[in-house]
Amino acid sequence: MPGLSSWAVRRPVVALIAWLVAVIAVVGLGVGLGGQLNDSFELPDTESTSAQNLLMTLSDAGAATGATARVVWSPASGSAIDESAVAQVSPLLESIASLDSVKCVTTPYGPPLGAGCPPVNAGPSQDEMAAMPADQQASFKDASAAAQAAMSPVSADGHVAYASISFAAPDGKIPTADAKVILNGVKALNSPEIAVGANGQVLEFAGQEPPSSEGIGILVAIVILLIAFGSVIAAGMPIVVAIVGLAMGQMAVLVVANFLDVATFAPTLAAMIGLGVGIDYALFVMNRFRQAVLAGHEPKKAAMESVETAGRAVLFAGGTVIIALLGLFVLRINFFNGLSVAAALTVLMVMLSALWMLPALLSLLGTKALAIRLPWGKKPGQVHPEGKAWAHYGRTLQRKPIIPTVLALLIVLVLAIPLFSLRQGFSDDSGKAVGSPGRVAYDLMSEGFGAGVNGPFFVAVKLAKPNDMEAYGAIVSGLAGASGVAGTLPNVAMLPLIAGNPGAFSADGTVASVMVTPASSPQDEATTQLLERLRTEVDPGLEEATGAQIYVGGAQAITSDFTTVLTDALPIFLAVVVGLGFLALTLLFHSLVVPLTAAITSLLSFGAAMGITVAVFQWGWLAGPLGLSGTGPIMPFLPIMVFAILFGLSMDYQVFLVSRMQEEWVRTGDNAASVRRGLAGSGRVVMIAAAIMASVFLAFVPTPESTIKLFGVALASAVIIDAFLVRLVLVPSLMSMLGKANWWLPGWLDRVLPKVQIEPGEDEIADDVEPATATV
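Everything numeric in this text was worked out from a predicted model, so none of it was measured.

Side chains bearing opposite charge may pair, as long as their charged atoms lie close to each other. Counting across every chain of the model gives 7 salt bridges. Across the pair glutamate 664 and arginine 667 runs a salt bridge whose closest N-O atoms are separated by 2.9 Å. With glutamate 664 and arginine 667 both in helix H24 (residues 638-668) and 3 residues apart, the pair spans about one turn of that helix. The buried category is assigned to glutamate 664, whose relative accessible area is 4%. Residue arginine 667 is classed as exposed on the basis of its relative accessible area of 58%. Counted as one network, the salt bridges with shared partners bring together Glu47, Arg535 and Asp561.

Below you can see the structure in the form of C-alpha cells.
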C-alpha cells in the first residue's frame, strides 16, 4: 500500500486515470449485480430455531411461525366493521390481496381475499349435526363458540378490527417493493376519521426511508475543516475523497448482498462509519501535507512525505478497523457476517481513496491544494506555530499528572454506571414514531386485544404418537394455566374442533403448534421472565407427563436466544479483537505497556459510551430532545458492533498520537518530551478528526429509524469520550506518570519482532518551549 501511494505521487495523472477506472468498475458491479437486502438471520443450535424448523412442516407455516402481517383499523366513531368503515378499508385490502407475494387476506367482515386462500371449513352439515349424540352436539357448539371468540379479529367492544395477511413464501419473505405498497396504502388511508396501522416482521424495515443525515454531517465537517485549514480547497479535498470512497463502498455492499444476508440498515450504518473514517483518513494525510508545505517543502516532496508518514498511519489504523469489524465472524451468525463485511468493505474503499486518489491530487495540484485562503489561512513557507499551544497543554498535564488521570478516570467510570442495568432485547413497536403504521397498529391492538397480542410465543409440539389429542390437550391446558399467560390458541375449549381437523397437525401427525399470548407487552421484563418460566419450569413438566418435546419460538424467543448466543460469544470476540489489536500495537511500538494501555482505555471508553446509551434509550434521559418516542431494552447486537467500531477508531487515535511520541523517544530517550511532542504534533489533528467523526455520527440521530438513532448516539458518545477524554487527557497523563516503563520490552522479544516504523518527516514540529533533556 505505501508503494501504491508513492506511485500515485510520482505518476499522478496515470494514478487518477486508474482510480477512475476502478470507480467505474465498482459502481458498475453494484448497479448491475447488486443483490437484495434482507433482515433474516439464523441462530444455530437454539430452541427458537428448532421451533421454527418444526413449525415450517405445518400446512399453515406462515401463521404458525408468525411470518404474517396485520392491517389494523379503528374508526373515530361507530363499529370497526360497520358499512362506512368497511367501505374505507376494503379497497386497501383488495389492493394488498392482488400483490403477487400475498397469498391471502383474511377480513373480519366477509370472505377472504386472494387467489391462494384455503377453502373455508364450513364444519359439519345440519344432517351430520343431527346425527350426533346430544352431548357431542353441545360440546361441538361450545367449542365453535370458543373458537369464534378466541380467534375473532374484532375487539370485544367492536371498536378495533384487523385483517391478517399471509404470504406465498412460507418464511414470509416478500419483495421490499410489495412491503412498501402495503405501508404506503396504510399511510394514505390513515386519517382523523379512521386510524389505520400495519405491523409484522416482514414490514419492519420496508417503510423506513434512507436518512439524509449524510448531508448534515458533511456540512459540519466542512465548517470544521475550513476553520482548521483556512483554505477552501484544502477543506474540500478530504470531503470529496471521502464521498468518492463512500460511493464505492455502498456499491460494494450491494454486491456482497448476493452472497451474504445483509440487513436493510447495513448500508446506512456503513455510510455512517465510512463517511466518518473517510474524512478522518483524508484529513490526516492532508494535514501532514499542509504542515510540510507551510514548513517550506517543495509540494511533490511534501506529498511524498505525507504518504510516508500519515499514509502509513492511515494504512495501519484502517487495517485495525477492518480487522475489528471482521472479528464479528467469530460469532458465527449470518446476520453479523453481512454487517461486518458491509462496514469493512466501506472502510477499505474510503481508505483506498485516501491513499490513492488523494496523494495523486496533492501531487498534481501542489500548492494549489491550499488555495482560496481565508483570512486566518497560512501562506506556504510561513513558520507553523500550531504545536506550541499543544506543547504548553502537555506541560500543564505533566505538572501533576495524577490529577488529570484521576479526574478523567472518575468521569469515565461515572458515565459507565448505567451499564450495570443494561437489559438487552429488541424494542417493540411502542418505541416507533407516533403516527407511523407500526405504532398505530401496536396501540390499536393493545387497546382492543391486550398488549401481549403484539408479541406472542409460537410453541412447537413434537408428539410421541401421531395425532395424540390427549397429550396435545394436556400441553395446551398446561400452557394456558401458566402464570403470566393471557391465553392460548387453541384454548382448552377449542380442543374438540382440533380433534376433527387433521390440518391442525403436520402430514405425519407428530407436529402441532400452540400460540401463547403473554399478559405483558413484548419488551416488558415480565415477558422475558415468562419465557424463562416456560422453558425451565412449565415445559419440562409437560414433556415428562406427555412424552412430547416442546420448543418455544416466535420473535420474542428469538430475541432471547439471540442475546444468549451473543453473551456466550462475547469473551471469544473480545479476546480475538483485543488480542489482535494488542499484538499489532506491540509490533508497531515495540512496547508492552503502550498496547496494554490502549486496550484497557478502549474498554473504559466502551463502558462509558454504553452507559450513556443505556441512560438515554433504556432510562429515557434526554428522550425529548433526541426525538425518542419510547424507551426499551438495548438491541443485543449493539454492544458488540459498537465495540468493534470503537476499538478500531480508538486504535486510530492511539497510533496517530503515540507514533509521534515514539519518534521522539527513539531520538532522545526523553519520555516527558516525547509525550509533549506527540500532543504538539498530532493532538490538534486528532481533536479535529474526532470532532468531525462525532458530528457525522450525531447527524444520524434525528432519523426516525430507531436502529440508526441508537448507533448514532452510541458511536458519537464513544468517539467524544475516547478522543477528548481518554486519548487527549488520560493517556498522556498516564504515560507521563509511567515514564520509561512505557517503552519497555524484553530484549529477546525486541530482537525477534520486525521493525515497523511510521517514518518521520523532516522539519517536524519541535517542543520549543523546553529543551529535550529532561527525563521522567
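So that's the structure; there's more coming.
Here we take up the side chain of histidine 590. If you trace the backbone, histidine 590 turns up in the loop between helix H21 (555-589) and helix H22 (593-617). Given the relative accessible area of 9%, histidine 590 is considered buried. A polar contact is formed between the side chain of histidine 590 and the backbone oxygen of proline 754, at a distance of 2.9 Å. The contact partners of histidine 590, leaving out residues within four places of it in the chain, are Leu585, Gln662, Trp743, Leu745, Asp750, Leu753, Pro754 and Lys755.

Moving on to the sheet that holds strand E1 (residues 69-75). Read from one edge of the open sheet, 4 strands run E2-E3-E1-E4, paired in antiparallel fashion. Every other strand in the sheet has two partners, leaving strand E2 (102-106) and strand E4 (194-199) as the edge strands with one partner each. Within the sheet, the average angular offset between the axes of one strand and its neighbour, ignoring direction, is 15 degrees. Of the strand pairs in this sheet, E1 and E4 are connected by 6 bridges, and their pairing is antiparallel. Among the inter-strand pairings, serine 74 is bridged to a residue of E4, identified as alanine 195.

This part covers the nonpolar core. One finds Phe336, Phe637 and Phe711 to be the most contacted residues of the largest nonpolar core, which totals 165 residues. For this core, the leading source of residues is helix H14 (residues 334-365), giving 20 residues. Domain assignment of the residues forming this core places at least three in each of domain 1 (1-33 + 217-333 + 349-374) and domain 4 (386-432 + 560-758). Setting aside residues no more than four positions away along its own chain, phenylalanine 336 makes contact with Leu328, Leu331, Phe562, Leu566, Phe637 and Met641. Ala69, Ala80, Leu92 and Phe167 belong to the second-largest nonpolar core, a separate cluster that totals 27 residues.

About the criteria used
Residues numbered from 1 in each chain as written. Predicted model: local features only at pLDDT ≥ 70, side-chain atom pairs only at ≥ 80, totals over all residues. Heavy atoms only, no water. Salt bridge = Lys/Arg side-chain N within 4 Å of Asp/Glu carboxyl O. Helix = DSSP H or I, 4+ residues; strand = E, 2+ residues; numbered from the N terminus. Buried < 20%, exposed > 50% of the residue type's maximum accessible area, 1.4 Å probe, protein only. Polar contact = N/O pair within 3.5 Å; in protein donor to acceptor, adjacent residues only side chain to side chain. Contact = heavy atoms within 4.5 Å. Pairing = 2+ DSSP bridges. Axes fitted to C-alpha atoms, helices over the stretch in contact; angles between N-to-C directions. Core = buried A, V, L, I, M, F, W, Y, C linked by side-chain atoms within 4.5 Å. Domains from an automatic or database assignment.

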